[in-house]
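Understanding the architecture of this molecule
Chain residues, written in single-letter form:
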Amino acid sequence: MYGVEPNDDMKEKAVEELSGFLRFYPVKGTEAGTTLEDHSADFVTTAQAFHWFDVPAFAKECRRILKPGGKVFLIWNVRDMNDQLNQEAYEIYRNYCPDFKGYSGGIQKDDERIRAFFDDRYQYIEFANPLYYSEETFISRSLSGSYSLKEGDARYQEYLKALRDLFAKYQKDGILTMGNHTAAYFGIL
């Protein structure tokens, strides 16, 4: 498995997390320039990143690196907006984070970018996949969003307090359960 990642910190985190898998190979690259050989991949999978991509360039790169019949999988964790916790978190992000445009990078089910990428020929599946967080991992996850305030930003301490209060309100025995489902689009280009 080749893990293509343009960000050095994220690449190092993948190496740290996946060091036990002997056939994992980290690669510095992008959606438009993976550096992988032509027709070398059975599958291309991207999780939580498609909304950042230059979609036509990614499609071209997938066609280049995929073996004949190879499939592409676009995968997201999607917050369950029927979950009161997610509704309240949404309001916190909306109130404190000027760059917040919604969860999942604003991608909606059957989004035009997905439809165009697959030329309207794809399959869709989703399944329940609740997420579990300690206070530390919940705060860390919240701060990792591209839209999130960063230390030094105006209202950063207020924002942190709102997140900690939200955790305290919904945690049980130190664990927060967040309503979530995993959605996947897949097909052959």
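An account of the accompanying structure is given in this report. (Residues numbered from 1 in each chain as written. Predicted model: local features only at pLDDT ≥ 70, side-chain atom pairs only at ≥ 80, totals over all residues. Heavy atoms only, no water.)

1. Quick word on the overall build of the protein chain
Rules: For the purposes of this entry, the term helix denotes a DSSP run of H or I that reaches at least four residues, the term strand denotes a run of E that reaches at least two, and both are numbered from the N terminus. Remark: exposure states derive from per-residue accessible area (1.4 Å probe, protein chains only) relative to the maximum for the residue type, with buried under 20%, exposed over 50%, and partly exposed in between. Contacts are assigned to residue pairs with any non-hydrogen atoms lying within 4.5 Å of each other.
In terms of helices and strands, the protein chain carries six helices and eight strands. Projecting the C-alpha coordinates of the protein chain onto the three principal axes gives extents of approximately 50 × 35 × 30 Å. Counting every position in the protein chain, which comprises 189 residues, the buried fraction comes to 37%. Restricting the contact set of the protein chain to residue pairs at least 6 apart, pairs at least 24 apart contribute 73%.

2. Describing the side chain of arginine 79
As a reminder, the rule being used: Positive: Lys, Arg. Negative: Asp, Glu. His and the chain ends are not part of the count. Just to be clear on terms, a salt bridge is a Lys or Arg side-chain nitrogen sitting within 4 Å of an Asp or Glu carboxyl oxygen.
When you line up the elements, arginine 79 lands in strand E4 (residues 66-79). Buried arginine 79, no salt bridge; nearest opposite-charge side chain is aspartate 83, N-O distance 8.3 Å. Those residues in contact with arginine 79, other than ones at most four positions away along the chain, are Asn86, Tyr93, Tyr103, Arg141, Tyr147, Met178, Gly179 and Asn180.

3. Some words on the sheet that holds strand E5 (residues 123-128)
So the rule is basically this: By definition, two strands form a pair when at least two bridges between them are found by DSSP. Axis definition: a line fitted to C-alpha atoms, limited for helices to the stretch in contact. Angles are taken between N-to-C directions and run from 0 to 180 degrees.
The mixed open sheet is built from four strands, whose spatial order is E3-E4-E8-E5. Each of the sheet's edge strands pairs with one partner strand only, and the pair in question is strand E3 (41-47) and E5. Neighbour to neighbour, the strand axes of the sheet diverge by 20° on average, direction disregarded. Both E3 and E4 contribute to a ladder of six bridges, which runs parallel. Bridged to threonine 46 within E4 is leucine 74.

4. Structural notes on the environment of tyrosine 133
Examined against the element boundaries, tyrosine 133 turns out to sit in strand E6 (residues 131-133). Taking C-alpha positions, tyrosine 133 is 6.6 Å from threonine 177, a pair spaced 44 residues apart along the chain. The contact partners of tyrosine 133, leaving out residues within four places of it in the chain, are Phe138, Arg141, Phe167, Gly174, Ile175, Leu176 and Met178.

5. Focus: the pairing of E4
Inclusion rule: Note on handedness: a clockwise path from strand one over the helix to strand two, with the strands aimed away from the viewer, defines a right-handed crossover.
With helix H2 (residues 55-65) bridging E3 and the parallel E4, this β-α-β connection has right-handed handedness. Examined bridge by bridge, E4 and strand E8 (residues 180-187) share eight bridges and lie antiparallel to one another. When the sheet's bridge partners are listed, asparagine 77 is paired in E8 with threonine 182.

6. Observations regarding the environment of lysine 71
Note on placement: lysine 71 falls in strand E4. Of the residues examined, lysine 71 reaches a relative accessible area of 29% and is grouped as partly exposed. With sequence-adjacent residues up to four places away left out, lysine 71 is seen in contact with Asp42, Phe43, Val44, Leu66, Gly187 and Ile188.

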